[in-house]
Amino acid sequence: MSVSPSPVPTDIETFAFWERPRDERQAGFRWLRDNDPVSWHPPAESLLLPPELNKVGFWAVTRHADVVEASRSKNFQSGKGVFMEDMPIEVIKGALSFLVEDPPRHTELRGIVQSAFSPARVKKIEGWIRQHAHDVVAGIAPDGKADMVPQLAKVLPGLIFAHYVGVTDDEMRDKTVHAADMLGSWNDPEYTKTMAPIEVFGHAAQTLAGVAMELAALRRQEPGDDVVTWLTQTTFEGEEMSDMDIASFFVMLSGASNDTTGHAIAHSLIELQRHPDQQAWLLEDFEGRIDNAVEELLRWRAPILHFRRTALADYELNGAEIKAGDKVVLWYDSANFDEAVFDDPFTLDLSRKPNKHLAFGGGGLHFCLGNALGRQLLKCALREVYTQLPDFQLEEPQEGFSNLFNSMRHLPARWTPAA
Ligand code: HEM
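Residues numbered from 1 in each chain as written. Predicted model: local features only at pLDDT ≥ 70, side-chain atom pairs only at ≥ 80, totals over all residues. Heavy atoms only, no water.

When you look at the overall build of the protein chain in this model, what are you seeing that I'm missing?
When helices and strands are tallied, the protein chain shows 17 helices and 14 strands. Here the C-alpha atoms of the protein chain give a radius of gyration of 21 Å, agreeing with the 22 Å that 2.2 N^0.38 yields for 419 residues. Overall size of the protein chain, expressed as C-alpha extent along the three principal axes, is 65 × 55 × 40 Å. Accessible surface for the protein chain amounts to roughly 17600 Å². Of this, 53% is attributable to carbon and sulfur atoms. (Helix = DSSP H or I, 4+ residues; strand = E, 2+ residues; numbered from the N terminus. Rg over C-alpha atoms; globule rule 2.2 N^0.38 Å. Areas by Shrake-Rupley, 256 points an atom, 1.4 Å probe, with all protein chains shown as cover.)

Right under this line is the structure:
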């Protein structure tokens, strides 16, 4: 199919594209959805691989229906990597566990922790998630000001994750949260100032793996009611799980749960302040409306922009002739604005229903395992902010640079200090 040149930048493979303001990036994705929905791109600019090894281009899938089709098809696999940028395979296998596995390994590994994150289990622990959220916000309330990213959006998911996996020591928890942030930020200048990108990823993965092994040793001696104890007591392929398998699980779970939820909290606070009518609508009946609102906030600023698959065999997707071995990148943040699915997609409408957003993926085997936990965390964080800091006002936010996350680095806020 021949496509006329785009009047707006659609060079999503470049870093320059990701330095553009969000509305320009969205214009690019809108053009792709309308004109070239499964488009071919040259190799993604990479700070991880030298140019001679970075020679593989990719398909960008930008429409909702196509992202869903590819997510659910057995033809598109995760075992060769899930990011637009390639990474050495041994690095991702060591750090991303079943996120980068295909059946049957994926099914078995995911099955080990599936029930820990089920909606029923999250409902059961709602009380302590709520209590943690209350305590974090109560801790900053007397100060009258805070940077809501480190002091709320990162710390709350970090506390919940730590509790889940059995990290009881504060220092170990802070180390885990910081390393989880680094893991998804290998091309963020904040980190690449002092380290090469592959070192940022490697250092983060090694730090997390070290924590996991320390914890595994501890939990073999003193079992608790947590995911690491669970992993030390389970068998995989007929044998006890190795320290390496436990570490890979831990690294992946910490990355999957901390960054995503943290960015969701930060972006939700900003977007509600930017849309005072929507914020007022929510606050009129917070408990009655928050579940619906959370879905729209996740549609509006999906924390994860893309994940990638690799084609097992030739496949035609919406007219594109995908060949076996091709990289196929699924753009959730584009699909969430697809006019074919969402009425008036560029309007934030917290009452939107149904809301078939793809913030947790397009369905299929890899659909977000932590979706119930992510939703609950966002809900609890917003509840506490609006209850305990009723007049809080955000100042200039500082977004992070990323082609993987809708990321947020700093979010200063002020309010009347609590007495
Ligand atoms: C708002 C918060 C979150 C968002 C937006 C999010 C988003 C996603 C997305 C887009 C995927 C990939 C889906 C696919 O490839 O089809 C994913 C996978 C995953 N998420 Fe989440 N996530 C969130 C929170 C969490 C939390 C709190 C956990 C806690 C453990 C978690 C654990 C996972 C895991 C383990 C996977 C891999 C599943 C697999 O490969 O089978 N996520 N998430």
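Further notes follow.
Hey, could you run me through the coordination of the iron atom of the ligand in this one?
Each angle at a metal carrying four tetrahedral donors should ideally be 109.5 degrees, and each at a metal carrying six octahedral donors should ideally be 90 or 180 degrees. With respect to protein ligation, the iron atom of the ligand binds only C368 (SG), at 2.3 Å. When you line up the elements, C368 lands in the loop between α16 (332-335) and α17 (371-388). (Donors = N, O, S within 2.8 Å, 3.2 Å for Na, K, Ca; no water.)

Is there a simple way to think about the nonpolar core in this case?
Note that soluble globular proteins tend to have their nonpolar side chains buried in a common cluster. The biggest cluster of nonpolar side chains holds 121 residues, and the ones touching the most others in it are M148, F250, L269 and F392. Per element, the largest residue contribution to this core is 13 residues, and it comes from helix α13 (residues 243-274). When near neighbours in sequence (up to four residues on either side) are disregarded, F250 contacts F161, V165, V167, T176, L208, V211, A212, L215 and V228. Counting residues in each nonpolar core, the second largest holds 15 residues, with F17, W18, F29 and W331 among its members. (Core = buried A, V, L, I, M, F, W, Y, C linked by side-chain atoms within 4.5 Å. Buried < 20%, exposed > 50% of the residue type's maximum accessible area, 1.4 Å probe, protein only. Contact = heavy atoms within 4.5 Å.)

Would you explain the sheet that holds strand β10 (residues 327-331) in this entry?
By definition, the strands of a sheet pair up through backbone hydrogen bonds, in either a parallel or an antiparallel sense. One open sheet accounts for five strands, arranged β1-β2-β10-β7-β3; its pairing is mixed. Single-partner strands in this sheet number two, and they are β1 (38-41) and β3 (76-77). Pairing of β3 with strand β7 (residues 306-311) involves two bridges; the strand directions are antiparallel. By the bridge assignment, Q77 is partnered in β7 with T310. (Pairing = 2+ DSSP bridges.)

Sorry if this is basic, but what is going on with the site of the ligand here?
The environment of the ligand is made up of 28 residues, and the closest members are H106, R110, R309, H366 and C368. Here an oxygen atom of the ligand sits 3.5 Å away from a polar atom, N or O, in the main chain of L365. A distance of 2.6 Å separates an oxygen atom of the ligand from a polar atom in the side chain of H366. Those elements that place two or more of their residues in the shell around the ligand are α5 (105-113), α13, β7 and α17. Considering every element that reaches the shell around the ligand, the biggest residue donor is α13, with six residues. The class makeup of the residues in the shell around the ligand is 18 nonpolar, eight polar and two charged. (Near = heavy atom within 4 Å. Polar contact = N/O pair within 3.5 Å; in protein donor to acceptor, adjacent residues only side chain to side chain. Nonpolar A, V, L, I, M, F, W, Y, C, P; charged D, E, K, R; others polar.)

What is the right way to look at α5 in this model?
Counting along an α-helix, one turn takes 3.6 residues, and residues three or four places apart therefore face a common direction. Among all positions in α5, only H106, L109, R110, I112 and V113 are buried. Down the axis of α5, the sector holding all buried residues measures 150 degrees, keeping them to one side. For α5, the elements touching its buried residues are α12 (227-233), β5 (235-236) and α13. (Arc of directions from axis to C-beta.)

Could you clarify how one ought to interpret the sheet that holds strand β11 (residues 393-394) in this entry?
Read across the sheet, three strands follow the order β4-β14-β11 without closing on themselves; strand pairing throughout is antiparallel. The outermost strands of the open sheet, each flanked by one partner alone, are β4 (145-147) and β11. Of the strand pairs in this sheet, β4 and strand β14 (residues 412-414) are connected by three bridges, and their pairing is antiparallel. When the bridges of β14 are listed, A146 appears paired with A413.

Where do I start with the pairing of strand β2 (residues 58-61) in this structure?
Along β2, one buried face is formed by F58 and A60 and the opposite face, lined by W59 and V61, is buried too. Sheet analysis places β1 next to β2, joined by four bridges and oriented antiparallel. Paired with S39 across the strands is A60, a residue of β2. Where β2 and β10 come together, four bridges link them in parallel fashion. Counted as the bridge partner of A60 is V329 from β10.

Looking at this structure, how should I read the packing of α13 against helix α14 (residues 276-284)?
Axis angle and axis distance: for two packed helices, these are the angle between their axes and the distance between the axes, and together they describe the pair. Interaxial distance between α13 and α14 falls to 5 Å at its minimum, and their mutual angle equals 105 degrees. Taken together, the axes of α13 and α14 lie roughly perpendicular to each other. Contacts between α13 and α14 involve L272, Q273 and R274 from the former and P276, Q279 and L282 from the latter. (Axes fitted to C-alpha atoms, helices over the stretch in contact; angles between N-to-C directions. Parallel < 35°, antiparallel > 145°, perpendicular 65-115°, else oblique.)

Is there a simple way to explain the packing of aromatic side chains in this structure?
The description of an aromatic ring pair uses the distance of the two centres, along with the angle that the planes make with each other. Considering all chains together, one arrives at 18 aromatic pairs under this definition. Relative to F401, the ring of F15 has its centre 6.0 Å away and its plane inclined at 65 degrees; by these criteria the two rings are edge-to-face. Taken together, the residues span a long stretch of sequence, with F15 in helix α1 (residues 15-19) and F401 in the loop between β12 (398-399) and β13 (408-410) at a distance of 386 residues. Note on F401: relative accessible area 15%, which makes it buried. Geometrically, the ring pair formed by F98 and F249 is edge-to-face, given 5.5 Å between the ring centres and 65 degrees between the ring planes. Taken together, the residues span a long stretch of sequence, with F98 in the loop between α4 (89-96) and α5 and F249 in helix α13 at a distance of 151 residues. Each member of the pair, F98 as well as F249, is classed as buried. Within the aromatic cluster, the residues linked to one another by ring pairs are F17, W18, F29 and W331. For R299, the ring lying beneath its charged end belongs to F337, and the centroid distance is 5.1 Å. Directly above the aromatic system of F342 lies the positively charged group of R299, at a separation of 5.3 Å from the ring centroid. (Phe/Tyr/Trp six-rings, centres within 6.5 Å; stacked < 30°, edge-to-face > 60°. Lys NZ or Arg CZ within 6 Å of the ring centre and 35° of its normal.)

Hey, could you run me through the side chain of Q278 in this one?
Relative to the elements of secondary structure, Q278 occurs in helix α14. For Q278, a relative accessible area of 12% corresponds to the buried category. Not counting chain neighbours up to four residues away, the residues in contact with Q278 comprise L348, D349 and L350.

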